[in-house]
Amino acid sequence: MNKKFFIVTYGCQMNKHDSEKIAGLLLSCGYKWAKDINDADIVVFNTCCVRKSAEDRLFGVVGSLKSLKEKKKELIIAVGGCVAQKEGVNLQKILPHVDVVFGTHNIASLPNLIEKAKNKKVVCEILRAPRDELKIFPIERKNLVRTWVSISTGCNNFCSYCIVPYVRGREMSRPFEDIVFEVEKLADEGFLEITLLGQNVNSYGRDIYNKLRFAELLKRLNKIEGIKRIRFISSHPRDFNNDVILALAEREKVCEHVHLPIQAGSDNVLKAMGRGYTKESYLNLVEEIYEIVPSCSITTDIMVGFPGEKEEDFLDTLDVVKQAKFDNAFTFIYSPREGTKAAEMKNQITDEVKMDRFNRLLEVQNRNSLKCNLSFVGDEVEVLVEGLSKKNGDVLTGRTRTNKVINFLGRPSLINKLVRVKIKEARSWSLKGELV
Ligand code: 5AD
Ligand code: SF4
């Protein structure tokens, strides 16, 4: 009988996409999906270590599988992704019931490692240098109309707080033609929306072509028949050049949404973070985007409590939040990550101050998000219907081109279709509308 697997994914869209590769690979090797963890012969954890909280959660969940493993001796537990890359064999010392540890560059080895584990070997494979990233995997795409396409992996920025370059390796762009080929294939298969993925999509091409080719890539993908929407995530403000803004303005499929992490508003903090821009240059960029693409939605990532952040620095962050008119922001409390420069800094901020700033930031951003959403009431927008609302089975949920969640009454037959919706009500996190 075919063995069954279950994948638990933590973290970003990159990780979610990697899990699609893991699933595709295991299915191509004859494994089948399990209904849940209890039904599985193999449980794969695809992990995130960007903040300590994500790591703690993983250790808790994997730890709790010890009793299941005692009952079900044949169960194989595999841990991959960023925590695996960071901890290596150490992970099996902390969690001895883990059979397989595989790094971020070792996805292709997983079936092999599982075979070894079946013979009661405890295995760990962590490559320091990239190997798998450019391989073409069989991908088990979760959705049939919207999907991710990875354009680069890794990161060269080494922002002083961030562990990503250590666990994901140096930036590596995929060849231009490979990406075009993949998107053409997806269009043939009926996909309508693609999201291009990279830690810093705007620097696409620098490593292999010695120049930035992201805007060119957008223009080329825009020509592919069948694809209706092109998104991308994430953008580094330092590499966001004018060509990309023009591509947003001129190419009809490139959606009017930019995720532009600012991290902090104070020049002192930005310098200590090693971000390579100032409050002023960031605000100028935002202004330029709004000027050329007035309907553009800008979202961001913001961190509070970076070492040495003073009250006046934090007020600069609040000031940017007010001025930049972010549609939405992912807000984080700085979490020291061992091995990064910032974790060694002596001027760490107390939890109490971090929490206070976090709550104040959240309050300002929530108010902004609501104000921004209220300004759309009465507009008619294009929505790609994603499915039924979790709260109400008669309600459909989808996204506008600006990546806003919108709920409205409609038939399930509209799922995966593009429809027109009139916005009737606004909340901080979503909109309510009526089918036109
Ligand atoms: N602590 C808190 N947040 C972090 N991020 C990255 N590293 C850390 C850290 N050490 C946040 C940044 C990044 C997002 C993905 O996670 O805001 O943009
Ligand atoms: Fe981390 Fe900075 Fe790279 Fe983003 S750009 S992944 S924050 S090092």
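Throughout, residues of each chain are indexed from 1 in the direction in which the sequence is written. Naming scheme: in the order in which they are written, chains are lettered from A and ligands are numbered from 1. In keeping with the predicted nature of the model, local features appear solely for residues at pLDDT of at least 70, side-chain atom pairs appear and are counted solely at 80 or more, and the whole-chain, interface and lining totals rest on all residues. Side-chain numbers come from the whole structure's heavy atoms, not from hydrogens or water.

(A) Fine view of the overall build of the chain. Numbering of helices and strands runs from the N terminus; a helix is a DSSP stretch of H or I covering at least four residues, while a strand is a stretch of E covering at least two. Summing up its helical and strand segments, the chain has 16 helices and 19 strands in all. The globule rule puts the C-alpha radius of gyration for 436 residues at 22 Å, and the 22 Å found for the chain is close to it. Each principal axis of the C-alpha atoms in the chain carries an extent, and together these give about 60 × 55 × 45 Å. The buried share among the 436 residues of the chain stands at 55%. Working rule for contacts: check all heavy atoms of both residues, and any pair within 4.5 Å makes them a contact. Put simply, of all contacts in the chain between residues at least 6 apart along the chain, 71% involve residues at least 24 apart. The Shrake-Rupley method, run with a 1.4 Å probe, gives the accessible areas here. Residue values count only the displayed protein chains as cover. For the chain, the accessible surface area stands at approximately 19800 Å², while carbon and sulfur atoms represent 52% of it. Charge assignment in this entry is limited to Lys and Arg as positive and Asp and Glu as negative, and neither His nor the chain termini are counted. Charge placement uses NZ in Lys and CZ in Arg. For Asp and Glu, CG and CD serve respectively. When the 68 positive and 58 negative side-chain charges of the chain are each reduced to one mean point, those points stand 4 Å apart. Radius of gyration: over C-alpha atoms. The globule rule applied is 2.2 Å multiplied by the number of residues raised to the 0.38 power. For the exposure calls, accessible area comes from a 1.4 Å probe over protein chains only, and a residue counts as buried if that area is under 20% of its type's maximum, exposed if over 50%, partly exposed in between.

(B) Seen up close, the side chain of Thr 299. Note on placement: Thr 299 falls in strand E13 (residues 297–304). Residue classification places Thr 299 among the buried residues on the basis of a relative accessible area of 8%. Whenever two N or O atoms come within 3.5 Å, that pair is a polar contact, provided that in protein one can donate a hydrogen and the other can accept it, and provided that, for residues adjacent in sequence, both atoms are side-chain atoms. A polar contact of 2.8 Å, which involves the side chain of Thr 299, links it to the side chain of His 259. Once you skip the residues sitting within four places of it in the chain, Thr 299 turns out to touch His 257, Val 258, His 259, Leu 260, Phe 326, Asp 327 and Asn 328.

(C) Representation of the site of ligand 2. Inspection of the region around ligand 2 gives Cys 155, Asn 157, Phe 158, Cys 159, Tyr 161, Cys 162, Val 164, Pro 165, Gln 199, His 236 and Arg 275 as its neighbouring residues. Classification convention: Asp, Glu, Lys, Arg as charged; Ala, Val, Leu, Ile, Met, Phe, Trp, Tyr, Cys, Pro as nonpolar; all other residues, Gly among them, as polar. For the shell around ligand 2, the per-class residue count stands at seven nonpolar, three polar and one charged. Throughout this document, a residue counts as near a molecule or strand when at least one of its heavy atoms sits within 4 Å of that molecule or strand.

(D) Highlighting unusual backbone geometry. Ile 233 connects to Ser 234 through a cis peptide bond whose omega is -5 degrees. Note on placement: Ser 234 falls in the loop between strand E11 (229–233) and helix H11 (242–250). Of note, the phi angle at Lys 325 is positive, near 50 degrees, even though the residue is not glycine. As for its position among the elements, Lys 325 is in the loop between helix H14 (311–324) and strand E14 (328–333). For Asn 416, which is not a glycine, the phi torsion comes out positive at approximately 75 degrees. Tracing the backbone shows Asn 416 in the loop between strand E17 (405–409) and strand E18 (418–426).

(E) Representation of the site of ligand 1 within the structure. Around ligand 1 sit Val 50, Arg 51, Tyr 161, Gln 263, Asp 301, Met 303, Phe 332, Ile 333, Tyr 334, Ser 335 and Arg 337, and that is every residue in its neighbourhood. At 2.6 Å, a side-chain N or O of Asp 301 approaches an oxygen atom of ligand 1. Note that a nitrogen atom of ligand 1 is positioned 2.8 Å from one of the backbone N or O atoms of Ser 335. Considered on its own, ligand 1 offers 410 Å² of accessible surface; in the complex 86% of this is hidden by protein. Listing elements by their share of the shell around ligand 1, those giving two or more residues are E13 and E14. Split into classes, the residues belonging to the shell around ligand 1 amount to six nonpolar, two polar and three charged.

(F) Representation of the sheet that holds strand E7 (residues 146–150). In this description, strands pair whenever DSSP reports at least two bridges between them. A sheet is described by the order of its strands in space; here three strands give the open sequence E7-E10-E11, paired in parallel fashion. Each end of this open sheet is capped by a strand with a single partner; those strands are E7 and E11. Mean inter-strand twist for the sheet, computed between neighbouring axes without regard to direction, equals 25 degrees. Pairing between strand E10 (residues 193–197) and E11: five bridges, direction parallel. By the bridge assignment for E11, Ile 194 is matched with Ile 230. Of the strands in this sheet, E7, E10 and E11 touch helix H1 (residues 13–28), which is tilted by about 95 degrees from E7. Fitted lines through C-alpha atoms serve as axes, helices being fitted only where they are in contact, and the angles separating the N-to-C directions of these axes extend from 0 to 180 degrees.

(G) Expanded view of the packing of aromatic side chains. Working definition: a ring pair exists when centres of Phe, Tyr or Trp rings (six-membered ring for Trp) sit within 6.5 Å. Plane angles under 30 degrees give stacked, over 60 give edge-to-face, the rest tilted. Under the definition given, this model contains seven aromatic pairs. Relative to Tyr 334, the ring of Phe 306 has its centre 5.6 Å away and its plane inclined at 65 degrees; by these criteria the two rings are edge-to-face. Within this pair, whereas Phe 306 is found in the loop between E13 and H14, its partner Tyr 334 is found in the loop between E14 and helix H15 (341–344), the two being separated by 28 residues in sequence. The class for Phe 306 is buried, based on a relative accessible area of 0%. The exposure class assigned to Tyr 334 is buried, which follows from its relative accessible area of 2%. In this arrangement the basic side chain of Arg 213 is found over the ring face of Phe 176, its NZ or CZ atom lying 4.3 Å from the centre. When the NZ atom of lysine or the CZ atom of arginine is within 6 Å of a ring's centre and also within 35 degrees of its normal, the charge is said to sit over that ring. Of note, Arg 213 hangs over the ring of Tyr 209, and the distance from its end group to the ring centre comes to 4.4 Å.

(H) Main features of the sheet that holds strand E16 (residues 395–400). Ordered in space as E15-E16-E17-E19-E18, the five strands form a closed barrel in which the pairing is mixed. For this sheet, the mean angle separating the axes of adjacent strands, direction not counted, is 50 degrees. Of the pairings in the sheet, the one linking E18 to strand E19 (residues 431–435) comprises five bridges and is antiparallel in character. Paired with Lys 422 across the strands is Glu 434, a residue of E19.

(I) A look at the nonpolar core. To form a nonpolar core, buried Ala, Val, Leu, Ile, Met, Phe, Trp, Tyr and Cys residues must be joined to one another through side-chain atoms within 4.5 Å. The biggest cluster of nonpolar side chains holds 66 residues, and the ones touching the most others in it are Leu 196, Phe 214, Leu 221, Phe 232 and Phe 240. At six residues, helix H8 (residues 176–188) tops the list of elements feeding residues into this core. Excluding its chain neighbours within four sequence positions, the residues that come into contact with Phe 240 are Asn 202, Phe 232, Ser 235, Ile 245, Leu 248, Val 258, Leu 260, Leu 285 and Ile 289. Residues Val 8, Val 43, Cys 49 and Ile 77 belong to the second largest nonpolar core, which totals 27 residues.

(J) Expanded view of the pattern of salt bridges. The term salt bridge refers to a side-chain nitrogen of Lys or Arg lying within 4 Å of a carboxyl oxygen of Asp or Glu. Applying the stated criterion across every chain yields a total of 33 salt bridges. The residue Glu 309 makes a salt bridge to Arg 357 at a minimum N-O spacing of 2.9 Å. Separated by 48 residues along the polypeptide, Glu 309 in the loop between E13 and H14 and Arg 357 in helix H16 (residues 351–374) bring together distant segments of the chain. Between Arg 399 and Glu 386 there is a salt bridge, with the nearest N and O atoms lying 3.2 Å from each other. A residue pair is termed long-range when its members are at least 10 positions apart, and Arg 399 in strand E16 and Glu 386 in strand E15 (residues 380–388) qualify at 13 residues. Overall, Arg 399 belongs to the partly exposed group, its relative accessible area being 26%. The partly exposed category is assigned to Glu 386, whose relative accessible area is 23%.

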